[in-house]
Amino acid sequence: MPIMARAYLYRASALLQVGDIAQCMADCSNALRYDPGLGAAYTTRANARLQQNDLDGCIEDSSAALECGEEFTAYMLRADCLHRKGLHLECIDDCTAALSIEPTQSRPYALRGAAYRLLGQFEMCVRNCTEAILRDPGAAAAYANRANAQRELGQAKLALADAKAAVHLQPNQPLAQQELDKLSHRSSLAACFAFWRRYRAAQYNSVHSTPDEDTLA
């Protein structure tokens, strides 16, 4: 009975929005009982499981949704879970698959950039985060990940600008604040060292300068 399946699915989607996760999952299960091929029910339940941090359950439902043809959303839900589990190469694969379906979306680029950062592939991180920001200038996480990668690449000024942008967009973004603190500390140290070098140079010049003729006279 597809009508009953759809009714349960619509209610599940509304329950997910208001945070009633348990009832949302129950309604998704009821929808699938009436229509086992309803991919949107799998993705909705996967989303609910992700909110409960049930990563394995989310991966299972996302994979089932893929078999039902719910491709983009399912790939991104599974990529998010794989990222959280530290399976960054697999996350990258799912983000790439998602982009083959929706190349204009920002989220796959941002998540793929974060995965590359954690793999130590900082240039690839910068490239993907830049693509994410071009598609969504409000992507705070992309700015934060790019700031980290740029700092690792020795591009301190660019990193500081990105960290400030991320904090402006999302003041509680933990990676952005961490990068801003590191870069501000490094900038302060650099200013202190520069002042010290100028001070020592001035001292040296005052001691070793050659007296002019008026002084000798």
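Throughout, residues of each chain are indexed from 1 in the direction in which the sequence is written. Only residues with pLDDT of 70 or above have their local features reported here, since the model is predicted, and side-chain atom pairs are shown and tallied only from 80 upward, although totals for entire chains, interfaces and linings are computed over all residues. As a rule here, side-chain values come from all non-hydrogen atoms in the structure, and water together with hydrogens is ignored.

Asker: Lay out the overall build of the protein with the relevant residues and their values.
Answerer: Helices and strands together make up the secondary structure of the protein, namely 12 helices and 0 strands. Numbering goes from the N terminus for both helices and strands, where a helix is a DSSP run of H or I of at least four residues and a strand is a run of E of at least two. Ordered by position from N to C terminus, the α and β elements of the protein give α-α-α-α-α-α-α-α-α-α-α-α. Per-residue burial for the protein yields a buried fraction of 43% across its 217 residues. Should any heavy atoms of two residues lie within 4.5 Å, those residues are counted as being in contact. Long-range contacts, defined here as pairs at least 24 residues apart, represent 48% of the contacts in the protein between residues at least 6 apart. What sets the accessible areas is the Shrake-Rupley method with a 1.4 Å probe; for residues, cover comes only from the shown protein chains. As displayed, the protein offers around 12,200 Å² of accessible surface, 53% of which is attributable to carbon and sulfur atoms. Between buried and exposed lies partly exposed: a residue is buried under 20% and exposed over 50% of the maximum accessible area for its type, with that area taken using a 1.4 Å probe on protein chains only.

Asker: So, the environment of A163: which residues are in play, and what are the values?
Answerer: Mapped onto the secondary structure, A163 falls in helix 10 (residues 156–169). Judged by its relative accessible area of 0%, A163 falls in the buried class. With 10 residues separating them in the primary sequence, A163 and Q173 have C-alpha atoms 9.7 Å apart.

Asker: Summarise helix 1 (residues 2–18); cite the residues concerned and give the values.
Answerer: Residue count minus one, scaled by 1.5 Å, sets the expected span of a helix. Relative to the 24 Å expected for 17 residues at 1.5 Å per residue, helix 1 spans 25 Å between its end C-alpha atoms, a close match to the ideal helical length. Within helix 1 the residues assigned to the buried category are A5, Y8, L9, A12, L15 and L16. Seen along its axis, helix 1 keeps its buried residues to an arc of 125°; they face one direction. Facing away from the buried side of helix 1, by more than 90 degrees, are the exposed residues I3, Y10, Q17 and V18. Throughout, the arc means the angular range of directions from the helix axis out to the C-beta atoms.

Asker: Account for the packing of aromatic side chains, naming residues and giving values.
Answerer: Stacked, tilted and edge-to-face are the three classes assigned to paired rings of Phe, Tyr and Trp, where Trp is represented by its six-membered ring and a pair needs centres within 6.5 Å; plane angles under 30 degrees give stacked, over 60 edge-to-face, the rest tilted. This structure, assessed with the given rule, holds 1 aromatic pair. Relative to Y34, the ring of Y8 lies with its centre 6.0 Å away and its plane at 20°, an arrangement referred to as stacked. Linking Y8 in helix 1 with Y34 in helix 2 (residues 21–34), this pair joins segments that are 26 residues apart in sequence. Look at Y8 and you get buried, because its relative accessible area is 18%.

Asker: Break down the confidence of the model for the protein for me, citing the residues and quoting the values.
Answerer: Averaged over every residue, the pLDDT of the protein is 88; residues scoring 70 or more account for 84%. Each residue carries a pLDDT score, the predictor's confidence in it, ranging from 0 to 100. Contacts for the low-pLDDT stretch residues 188–196, under 50 throughout, to residues beyond four places or in other chains number 0 contacts.

Asker: Account for the environment of Y75, with residues named and values stated.
Answerer: Tracing the backbone through its elements, the reader meets Y75 in helix 5 (residues 71–84). Put simply, Y75 and I59 are 16 residues apart on the chain and 9.4 Å apart in space, counted from C-alpha to C-alpha. Residues in contact with Y75, not counting those within four places in the same chain, are L66, D94, A97, A98 and I101.

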